[in-house]
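# Structural description and commentary
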Amino acid sequence: MMIHVTDSAAKWYKKELELQEGQAIRFFVRYSAGGHIHPGFSLGIGVEDPGSPGYAMEAEGINFYMEEQDMWYLEGYDLKVTYEESSDDIAYEYVKAKVKTA
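Residues numbered from 1 in each chain as written. Predicted model: local features only at pLDDT ≥ 70, side-chain atom pairs only at ≥ 80, totals over all residues. Heavy atoms only, no water.

This next bit is on the sheet that holds strand S1 (residues 3–5). Strand order in this open sheet of three strands is S1-S6-S7, and the pairing throughout is mixed. A strand with exactly one partner marks an edge of an open sheet, and here the two such strands are S1 and strand S7 (89–96). In this sheet, adjacent strand axes meet at a mean angle of 15 degrees when their direction is disregarded. In terms of strand pairing, strand S6 (residues 77–84) meets S7 through eight bridges, oriented antiparallel. (Pairing = 2+ DSSP bridges. Helix = DSSP H or I, 4+ residues; strand = E, 2+ residues; numbered from the N terminus. Axes fitted to C-alpha atoms, helices over the stretch in contact; angles between N-to-C directions.)

As structure tokens, this is what we get:
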């Protein structure tokens, strides 16, 4: 499983959340009425420093991560975060992770 945030999505986060290089965005699991891959849960974001990241990546000087306790949410999936110019918003795509074979 992995998280990929495109550069254009990272630029959108920087602008919308007034982020400076070196700051971090946490993806976390929250209760919700909807949910894509787990009914009753959805993905939330917060601007906070990592504690025990299970996955992290950097784009446009911003660190994007998910804490270990939330990694179950993406089990079997990769998360792709892109910027949609037509709506000036972020899109989250959950892609079935490819199984690695020996």
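Structure shown, so let's carry the discussion forward.
This next bit is on the environment of Glu 68. Tracing the sequence through the fold places Glu 68 in the loop between strand S5 (62–67) and S6. Sequence-distant contacts of Glu 68, defined by excluding residues within four places in its chain, comprise Ser 52, Pro 53 and Gly 54. (Contact = heavy atoms within 4.5 Å.)

Here we come to the confidence of the model for the protein chain. For the protein chain, the mean per-residue pLDDT works out to 91, and 93% of the residues sit at or above 70. Taken element by element, the predicted model of the protein chain shows its lowest mean pLDDT in strand S3 (residues 41–47) (92) and its highest in helix H1 (residues 7–16) (97). (pLDDT = per-residue confidence, 0-100.)

Across the sheet, which stays open at both edges, the four strands sit in the order S3-S2-S5-S4 with mixed pairing between neighbours. Since the sheet does not close on itself, it has two edges, and those belong to S3 and strand S4 (53–59), each with one partner. The average undirected angle you get between the axes of adjacent strands in this sheet is 25 degrees. Of the pairings in the sheet, the one linking strand S2 (residues 24–31) to S5 comprises four bridges and is parallel in character. Bridge assignment links Arg 26 to a residue of S5, and that residue is Tyr 65. Helix-sheet contacts for H1 involve S2, S3, S4 and S5, and the interaxial angle to S5 is about 95 degrees.

A complete count under the given rule lists five salt bridges for this structure. Across the pair Lys 14 and Glu 21 runs a salt bridge, and its minimum N-O distance is 3.9 Å. Between Arg 26 and Asp 70 there is a salt bridge, with its nearest N and O atoms 3.0 Å apart. One end of the pair, Arg 26, is in strand S2; the other, Asp 70, is in the loop between S5 and S6, and 44 residues separate them in sequence. Classification of Asp 70 as buried rests on a relative accessible area of 8%. (Salt bridge = Lys/Arg side-chain N within 4 Å of Asp/Glu carboxyl O. Buried < 20%, exposed > 50% of the residue type's maximum accessible area, 1.4 Å probe, protein only.)

The biggest cluster of nonpolar side chains holds 25 residues, and the ones touching the most others in it are Val 5, Tyr 13, Phe 27, Phe 64, Leu 74, Val 81 and Tyr 94. Taken together, the elements giving at least two residues each to this core come down to S1, H1, S2, S4, S5, S6 and S7. Here this core gets four residues from one element, more than from any other, and that element is H1. If near-sequence neighbours (up to four positions away) are discounted, Tyr 94 is found in contact with His 36, Ile 37, Leu 43, Tyr 73, Leu 74, Tyr 77, Asp 78 and Leu 79. (Core = buried A, V, L, I, M, F, W, Y, C linked by side-chain atoms within 4.5 Å.)

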